[in-house]
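What the coordinates show
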Amino acid sequence: PCIPTSWEQFSLVYQRGGTRYVILVKNPTGVSRGVQSVLIDGIQSNDGKVPLSESSSPVNVVVTMG
């Protein structure tokens, strides 16, 4: 993402089919772009990608910019 440096965080919900992705983007160092880490349901994504799946439970994604 590319955001204003003054944004500390933002969130969004993405719906694909029956799966709901609850996404929180944190910006602790006040940068405008770059991704430091991606957590999917608390598990680190090694490649920074969020695989799309079919799930009846929400998928929680936390992106930390940096």
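Located above this text is the structure these notes cover.
A short tour of the structure in this document, coming up. Here the structure is a predicted model, which is why all the values come from computation and not from measurement.

This next bit is on the overall build of the protein chain. Helix and strand counts for the protein chain come out as 0 helices and 5 strands. Going residue by residue from the N terminus, the α and β elements of the protein chain occur as β-β-β-β-β. Principal-axis analysis of the C-alpha atoms gives the protein chain an extent of 35 × 20 × 15 Å. Expressed as a percentage of the 66 residues in the protein chain, the buried residues total 23%. Within the protein chain, residue pairs in contact and separated by at least 24 positions form 63% of the contacts whose partners lie at least 6 positions apart. Total accessible area on the protein chain is roughly 4,400 Å²; 53% of this is exposed by carbon and sulfur atoms. The positive charge centre, built from 5 side chains, and the negative charge centre, built from 4, are 5 Å apart in the protein chain.

So, about the environment of Gly 66. Tracing the chain through its elements places Gly 66 in the segment after strand S5 (59-65). Expressed as a C-alpha distance, the spacing of Gly 66 and Thr 29, which sit 37 residues apart in the sequence, is 6.7 Å. Setting aside chain neighbours within four positions, we find Gly 66 in contact with Thr 29, Val 31, Arg 33, Gly 34, Val 35 and Gln 36.

A separate point is the sheet that holds strand S3 (residues 35-40). Taken in spatial order, the 5 strands of this open sheet run S1-S2-S5-S3-S4, and their pairing is mixed. Either end of the sheet is taken by a strand with one partner, and the two such strands are strand S1 (9-16) and strand S4 (43-44). In the sheet, S3 pairs with S5 via 5 bridges, with the strands oriented antiparallel. Looking at S5, one finds that Val 35 is bridged to Met 65.

A word on the environment of Val 25. Mapping Val 25 onto the fold places it in strand S2 (residues 19-26). With 30 residues separating them in the primary sequence, Val 25 and Ser 55 have C-alpha atoms 22 Å apart.

Moving on, we come to unusual backbone geometry. Non-glycine residue Asp 41 carries a positive phi angle of around 50°. Within the fold, Asp 41 resides in the loop between S3 and S4.

Moving on to a nonpolar patch on the surface. Where nonpolar side chains cluster on the molecular surface, the patch consists of Leu 12, Tyr 14 and Leu 52 and spans about 270 Å² of accessible area. Along the chain, the position of Leu 52 falls in the loop between S4 and S5.

What counts and what doesn't
- Residues numbered from 1 in each chain as written.
- Predicted model: local features only at pLDDT ≥ 70, side-chain atom pairs only at ≥ 80, totals over all residues.
- Heavy atoms only, no water.
- Helix = DSSP H or I, 4+ residues; strand = E, 2+ residues; numbered from the N terminus.
- Buried < 20%, exposed > 50% of the residue type's maximum accessible area, 1.4 Å probe, protein only.
- Contact = heavy atoms within 4.5 Å.
- Areas by Shrake-Rupley, 256 points an atom, 1.4 Å probe, with all protein chains shown as cover.
- Lys, Arg positive; Asp, Glu negative; His and termini not counted.
- Charge placed at Lys NZ, Arg CZ, Asp CG, Glu CD.
- Pairing = 2+ DSSP bridges.
- Patch = residues over 30% accessible without salt bridge, like charges linked within 9 Å, V, L, I, M, F, W, Y side chains within 5 Å.
- Salt bridge = Lys/Arg side-chain N within 4 Å of Asp/Glu carboxyl O.

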